[in-house]
Amino acid sequence: MQKPSHFLLTVLLSFLLMGCVSPGAANPPDCSGEISGDFYRLDALYEQKVLSDSDLERICYFNNDGVSYSRDPSGETQEESFQNHYEVDSLDPAIEQAILADYVNSIKDDEDYAEVDFSQTEVSIAVYCGEYHDYYAIRFVDLLNLPAEVSLVTVGGFNFLYPYVGGQEVILWKAN
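Procedures and definitions
Residues numbered from 1 in each chain as written. Predicted model: local features only at pLDDT ≥ 70, side-chain atom pairs only at ≥ 80, totals over all residues. Heavy atoms only, no water. Helix = DSSP H or I, 4+ residues; strand = E, 2+ residues; numbered from the N terminus. Buried < 20%, exposed > 50% of the residue type's maximum accessible area, 1.4 Å probe, protein only. Areas by Shrake-Rupley, 256 points an atom, 1.4 Å probe, with all protein chains shown as cover. Contact = heavy atoms within 4.5 Å. Salt bridge = Lys/Arg side-chain N within 4 Å of Asp/Glu carboxyl O. Pairing = 2+ DSSP bridges. Axes fitted to C-alpha atoms, helices over the stretch in contact; angles between N-to-C directions. Core = buried A, V, L, I, M, F, W, Y, C linked by side-chain atoms within 4.5 Å.

Asks: Quick question: what am I supposed to make of the overall build of the protein chain here?
Replies: Helix and strand counts for the protein chain stand at four helices and eight strands. Within the protein chain, the proportion of its 176 residues that are buried is 43%. Counting only carbon and sulfur atoms, one obtains 47% of the accessible surface of the protein chain, whose full area is about 10,000 Å².

Okay, structure coming up:
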């Protein structure tokens, strides 16, 4: 079995520091239940051709709030509007609750995080980027006190802007 990548460890640490309450949700997720889905990396699903260029463009559009980012030769970040404009349906509340519960369950039994009191933390979805081939693209709120520095991550030629270095990136969830 391969060891988890640095990204996976970052995601797991971020999961750990979040709890079971979604702001705006009628009921908190059941954090004691069975995991009902799995999480996948955006770049891995793209490389496996589960996600197309068109899917990536839409996910990037929603993650970046309709702005396309690039870096000029000096390293400065440039902004321009996407040529296409998209809309996304709202996330079904039952699916949202399953995703949030899985997010917490995915790390709650990890021995490295046994000391964390999940009742003192909070989990919520910062951005819902839509459903693609039964995978739900989301980015969670990162409650770490991280420096407000922009992280620009390129997947398939699209630049995904993340608001905090070391913060959450778009991942995908699929029900089992």
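Asks: Looking at this structure, I do not really get helix 3 (residues 53-63). What am I missing?
Replies: Side chains of residues three or four places apart in an α-helix project in the same direction, reflecting 3.6 residues per turn. Counting buried residues along helix 3, eight of its eleven residues qualify, which places the element largely inside the surrounding structure. Turning to helix 3, its buried residues are Asp55, Leu56, Glu57, Ile59, Cys60, Tyr61, Phe62 and Asn63. Where helix 3 is buried, its residues touch helix 2 (42-47), strand 4 (125-132), strand 5 (135-140), strand 6 (151-155), strand 7 (158-162) and strand 8 (171-175). Looking one or two residues past helix 3, Asp65 carries a phi angle of roughly 55°, positive in sign.

Asks: Explain the pattern of salt bridges to me, please; I cannot follow it from the model alone.
Replies: Side-chain pairs of opposite charge can arise where the charged atoms are in close proximity. Under the definition given, this model contains one salt bridge. Here Arg41 makes a salt bridge to Asp43, at a shortest N to O gap of 2.6 Å. On the basis of relative accessibility, which here comes to 30%, the residue Arg41 falls in the partly exposed class.

Asks: What is the right way to read the sheet that holds strand 8 from this model?
Replies: Two pairing modes exist for strands in a sheet, parallel and antiparallel, and in both the strands are linked by backbone hydrogen bonds. Strand order across the open sheet formed by four strands is 1-8-5-4, with antiparallel pairing between neighbours. Of all the strands in the sheet, the pair left with one neighbour each is strand 1 (37-41) and strand 4. For this sheet, the mean inter-axis angle between neighbouring strands, taken without regard to orientation, is 30°. Here strand 4 pairs with strand 5 via six bridges, running antiparallel.

Asks: What is the right way to read the nonpolar core from this model?
Replies: Side chains that are nonpolar tend, in soluble globular proteins, to be buried together. If you look at the biggest cluster of nonpolar residues, it comprises 21 residues, and the most contacted ones within it are Leu42, Ile59, Phe160 and Leu172. At the level of secondary structure, the elements contributing two or more residues to this core comprise helix 2, helix 3, strand 4, strand 5 and strand 7. Examining the composition of this core, we find that five residues originate from one element, helix 3, more than from any other. With residues up to four places along the chain from it excluded, the contact list for Leu42 reads Leu51, Leu56, Ile59, Val155, Phe160, Val170 and Leu172.

Asks: I would appreciate a short explanation of unusual backbone geometry in the present structure.
Replies: Negative phi values dominate among residues other than glycine, just as trans dominates among peptide bonds. The phi angle at Lys49 is positive, at roughly 65°, despite the residue not being glycine. Tracing the sequence through the fold places Lys49 in the loop between helix 2 and helix 3. Since its relative accessible area comes to 72%, Lys49 is described here as exposed. Positive phi outside glycine occurs at Asp65, with the angle close to 55°. Considering the arrangement of structural elements, one finds Asp65 in the loop between helix 3 and strand 2 (67-71). Looking at Asp65, the relative accessible area reads 70%, which means it is exposed.

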